[in-house]
Amino acid sequence: KAGVTQTPRYLIKTRGQQVTLSCSPISGHRSVSWYQQTPGQGLQFLFEYFSETQRNKGNFPGRFSGRQFSNSRSEMNVSTLELGDSALYLCASSLALAGTGEQFFGPGTRLTVL
Amino acid sequence: GQQVMQIPQYQHVQEGEDFTTYCNSSTTLSNIQWYKQRPGGHPVFLIQLVKSGEVKKQKRLTFQFGEAKKNSSLHITATQTTDVGTYFCAGPGDRGSTLGRLYFGRGTQLTVWP
């Protein structure tokens with residue numbers, strides 16, 4: 001079956017702009033988690049959605065938001081971009097709540113903020 | 001808050017040498033997961049340990065879960081160049097507000113030279 005897909009794969013934005021990233025989980029998976037990965041900070045948890053409800057949120061400012069649709073696809077939005085938002089954004093899906101079993105990661109969206 | 005710590009951050013070995021990465025949690029974990037991320041790639045699930053004192057092997061990789069379920073290790077025997085990558089451990093949240101969240105260690109970046 002198809003894996004987790006993320007679009008776009010690469011994105012270049014300028015400071016102050018906003019961006020929307022998309023994640024399509026594996027069919028049947030109800031949980032989608034988002035992570036920010038930077039060389040200095042490792043994998044930082046952004047939020048987790050399960051059946052369209054945000055169940056957990058990491059320590060990121062309100063500029064970072066997300067949602068999940070009824071088909072489990074998820075989007076995350078970053079408004080008023082800052083240089084420090086440059087990172088690889090990964091989403092991961094799982095059958096049940098994240099942490100109960102294997103998470104399947106997508107290839108990520110590489111965001112560069114100029 | 002809950003934390004998962006991992007050491008060392010970097011490890012450089014010659015092909016054929018052994019490698020070990022250690023993971024410690026600030027809280028007791030219901031399970032621990034290990035992921036591998038190749039350079040330029042995304043994290044891929046390796047294994048999940050659930051039982052106290054559990055030891056699992058995958059070819060040259062040996063995974064252990066401590067008796068107190070607060071620490072874990074990954075040992076690779078006779079490393080090969082294909083083992084290059086970053087190895088992450090991750091544990092789930094331990095209470096209602098954090099269930100559904102995976103706490104990742106910072107990872108150990110393994111370099112193998114021939």
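This is a predicted model, so every value here is computed, not measured.

Asks: An account of the packing of aromatic side chains is needed here, citing residue identities and associated values.
Replies: One pass over the structure, following the stated rule, counts 12 aromatic pairs over all chains. Seen from their ring centres, W34 of chain B and F63 of chain B are 6.4 Å apart, and the 55 degrees between their planes marks the pair as tilted. Pair noted here: W34 of chain B is in strand 4 (residues 32–37) and F63 of chain B is in strand 7 (residues 61–65), with a separation of 29 residues, a long-range link. Here W34 of chain B matches F63 of chain B in class, with each residue buried. An aromatic cluster of three or more residues is present, and its members are Y35, F45 and F105 of chain A together with Y35, F45, F88 and F104 of chain B.

Asks: How would you summarise the interface of chain B and chain A if you had to cite specific residues and measurements?
Replies: In this assembly, 18 residues from chain B lie in contact with 24 residues from chain A. For the pair chain B and chain A, the two sides together bury roughly 1700 Å², of which 50% comes from carbon and sulfur. It is G100, R101 and F104 of chain B in chain B that bury the most area against chain A; as a group they hold 29% of the surface buried on that side. The interface formed by chain B and chain A contains zero salt bridges. Here chain B is connected to chain A by three residue pairs in polar contact (both at pLDDT 80 or more). At the level of elements, strand 4, strand 5 (44–49), strand 9 (85–92) and strand 10 (102–104) of chain B are the ones that each hand at least two residues to the side of chain B that touches chain A. Classifying every residue of the side of chain B that touches chain A by side-chain character gives eight nonpolar, eight polar and two charged.

Asks: Let's hear about the sheet that holds strand 8 (residues 74–78) of chain A: which residues, and what values?
Replies: Residues and elements named next belong to chain A. With antiparallel pairing, four strands are arranged side by side in an open sheet as 1-3-8-7. The sheet is open, and its two borders are formed by strand 1 (5–7) and strand 7 (64–68), each paired with just one other strand. With direction set aside, neighbouring strand axes in the sheet form an average angle of 15 degrees.

Asks: Give a detailed account of the side chain of S72 of chain A, specifying residues and quantitative values.
Replies: Note on placement: S72 of chain A falls in the loop between strand 7 and strand 8. Discounting chain neighbours no more than four positions away, the residues touching S72 of chain A are P25, H29, R30 and V32 of chain A.

Asks: Let's hear about the sheet that holds strand 3 (residues 19–25) of chain B: which residues, and what values?
Replies: Residue and element names in this part refer to chain B. Strand order in the open sheet formed by five strands is 1-3-8-7-6, and the pairing between neighbours is antiparallel. A strand with exactly one partner marks an edge of an open sheet, and here the two such strands are strand 1 (4–7) and strand 6 (55–58). Taking the axes of each pair of neighbouring strands and ignoring which way they run, one obtains an average angle of 15 degrees across the sheet. Pairing analysis gives four bridges linking strand 6 to strand 7, with the strands arranged antiparallel. Across the sheet, Q58 pairs through a bridge with L61, a residue of strand 7.

Asks: Quick one: what's the story with the nonpolar core, residue by residue and with numbers?
Replies: If you look at the biggest cluster of nonpolar residues, it comprises 21 residues, and the most contacted ones within it are W34, L46, F64, M76 and Y89 of chain A. Ignoring anything within four residues of it in the chain, the contact list for M76 of chain A reads V19, T20, L21, W34, L46, F47, F64, S65, G66 and Y89 of chain A.

Reading the values: rules and limits
Residues numbered from 1 in each chain as written. Chains lettered and ligands numbered in written order. Predicted model: local features only at pLDDT ≥ 70, side-chain atom pairs only at ≥ 80, totals over all residues. Heavy atoms only, no water. Phe/Tyr/Trp six-rings, centres within 6.5 Å; stacked < 30°, edge-to-face > 60°. Helix = DSSP H or I, 4+ residues; strand = E, 2+ residues; numbered from the N terminus. Buried < 20%, exposed > 50% of the residue type's maximum accessible area, 1.4 Å probe, protein only. Contact = heavy atoms within 4.5 Å. Buried area = accessible area lost by both parts, 1.4 Å probe. Salt bridge = Lys/Arg side-chain N within 4 Å of Asp/Glu carboxyl O. Polar contact = N/O pair within 3.5 Å; in protein donor to acceptor, adjacent residues only side chain to side chain. Nonpolar A, V, L, I, M, F, W, Y, C, P; charged D, E, K, R; others polar. Pairing = 2+ DSSP bridges. Axes fitted to C-alpha atoms, helices over the stretch in contact; angles between N-to-C directions. Core = buried A, V, L, I, M, F, W, Y, C linked by side-chain atoms within 4.5 Å.

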